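The primary structure of each chain is shown beneath.
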Amino acid sequence: MTLLAVAFLFPIFLVLMNSFKNKLYISDAPFALPNSDTFSGMYNYVNGIQKTGLLVAAGRSAFITICSVIVIVLLTSMAAWWITRVTCKLSTVLYYLFVFAMIVPFQMVMFTLSKVTDFLHLGNMFGIIPVYLGFGAGLSLFMFCGFIKAIPISLEEAARVDGAGRFRIFSTVILPLTVPGLVATGIFSFINGWNEYLFASTFMKSYENWTLPIGIASFSGQYATNWGTLMAGAVLITLPVVLMFLLLQKHLVSGMTAGRRLEIIKWAKENNVLIIE
């Protein structure tokens, strides 16, 4: 495991180390530590932020990502609840359509989707959110269905007897019990949205709508590449995801295992088995 960790962390360390070098020395000695001749301080970071508007692009990416996460989590949780509780052919077909969407590569629908987005004028900060919803809904709904199946339906029936409507049942019974799933799904959706490049570069053709990954990719040209600024931008785009993962890793692990835990508790109650935690 130590060797595997080193293999994964070495490229990250290499990028971080070269982000503090002058661009003239990165190609000549990419594996050498910075010294008095090659060390450029924070020049690459400051140069990248000032000349390319990375802060504006980062704000744009944050807005798109946060809105996408909220829409994906809210709508897929509702859809998963309906698909799980309503047993009919329509719910079964919808479930398998969502699952099938998980394995469809973007390249297969790129041309058609590009035509649709151009026709509907979705190539902007607000229009790209439904596109992210369409491609992110499959995994989120699949995860939510696993959580909701493990929730005893008797809790919903008790709430319905007390006079609660569908919205009240969903907001006061289902959502609190699926908080680990909400966190896990939100983290995955945030990482995918923050690092997403293909959708944004294909549909958002205007410079005013560029997201952070596109802004960093602009450092690499056809004939010349500013490696120092490019690696500094790579470090900047990675920091929010790394910090969020470090802060929420406990909730992510619990979210991935909470559905199975609820299934075990449900089975234990049905078979009169005592679980000691």
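Everything quoted here is computed from the prediction, not taken from an experiment.

Enquirer: Honestly, the packing of aromatic side chains in this entry has me stumped. Any pointers?
Expert: Two measures describe an aromatic ring pair: the distance that separates the ring centres and the angle between the ring planes. Under the defined criterion, the tally for this structure stands at 10 aromatic pairs. Here the aromatic rings of Phe-135 and Phe-199 are separated by 4.7 Å at their centres, their planes lie at 55°, and the arrangement is tilted. Linking Phe-135 in helix α7 (residues 128-149) with Phe-199 in helix α11 (residues 198-203), this pair joins segments that are 64 residues apart in sequence. Using a relative accessible area of 31% as the deciding quantity, one classes Phe-135 as partly exposed. Among the residues examined, Phe-199 registers a relative accessible area of 9% and is labelled buried. An aromatic cluster of at least three residues, connected via ring pairs, comprises Tyr-132, Phe-135, Phe-199 and Phe-203. Sitting above the plane of the Tyr-95 ring, Lys-149 keeps its charged end 5.5 Å from the centroid.

Enquirer: Honestly, unusual backbone geometry in this entry has me stumped. Any pointers?
Expert: Leaving glycine out, the prevailing phi sign among residues is negative, and the prevailing peptide bond configuration is trans. For His-121, which is not a glycine, the phi torsion comes out positive at approximately 60°. On the secondary structure map, His-121 appears in the loop between α6 (106-120) and α7. You can call His-121 exposed: its relative accessible area is 63%.

Enquirer: Before we go on, may I ask you to explain the pattern of salt bridges in this structure?
Expert: Where side chains of opposite charge bring their charged atoms close, a pairing between them can arise. By the definition in use, this model includes one salt bridge. The salt bridge involving Glu-156 is made with Arg-85; its shortest N-O contact spans 2.7 Å. Of this pair, Glu-156 sits in helix α8 (residues 153-161) while Arg-85 sits in helix α4 (residues 54-85), and the two are 71 residues apart along the sequence.

Enquirer: Which parts of the structure should I look at to understand the packing of helix α5 (residues 89-103) against α7?
Expert: A packed helix pair is summarised by two numbers, namely the angle formed by the two axes and the spacing between the axes. Between α5 and α7, whose axes approach to 7 Å, the crossing angle comes to 130°. The orientation of α5 with respect to α7, classified from their angle, is oblique. Note that α5 runs across α7; the crossing there is left-handed. Note on element contacts: α7 touches α5 through Ala-137, Gly-138, Leu-139, Leu-141, Phe-142 and Cys-145, opposite Tyr-95, Phe-98, Val-99 and Met-102. Partitioned by chemical class, the residues of the contact of α5 with α7 number nine nonpolar, one polar and no charged.

The rules behind the values
Residues numbered from 1 in each chain as written. Predicted model: local features only at pLDDT ≥ 70, side-chain atom pairs only at ≥ 80, totals over all residues. Heavy atoms only, no water. Phe/Tyr/Trp six-rings, centres within 6.5 Å; stacked < 30°, edge-to-face > 60°. Helix = DSSP H or I, 4+ residues; strand = E, 2+ residues; numbered from the N terminus. Buried < 20%, exposed > 50% of the residue type's maximum accessible area, 1.4 Å probe, protein only. Lys NZ or Arg CZ within 6 Å of the ring centre and 35° of its normal. Salt bridge = Lys/Arg side-chain N within 4 Å of Asp/Glu carboxyl O. Axes fitted to C-alpha atoms, helices over the stretch in contact; angles between N-to-C directions. Parallel < 35°, antiparallel > 145°, perpendicular 65-115°, else oblique. Left-handed = near helix turned anticlockwise from the far one by under 90°. Contact = heavy atoms within 4.5 Å. Nonpolar A, V, L, I, M, F, W, Y, C, P; charged D, E, K, R; others polar.

Read these as geometric descriptors, not functional statements.
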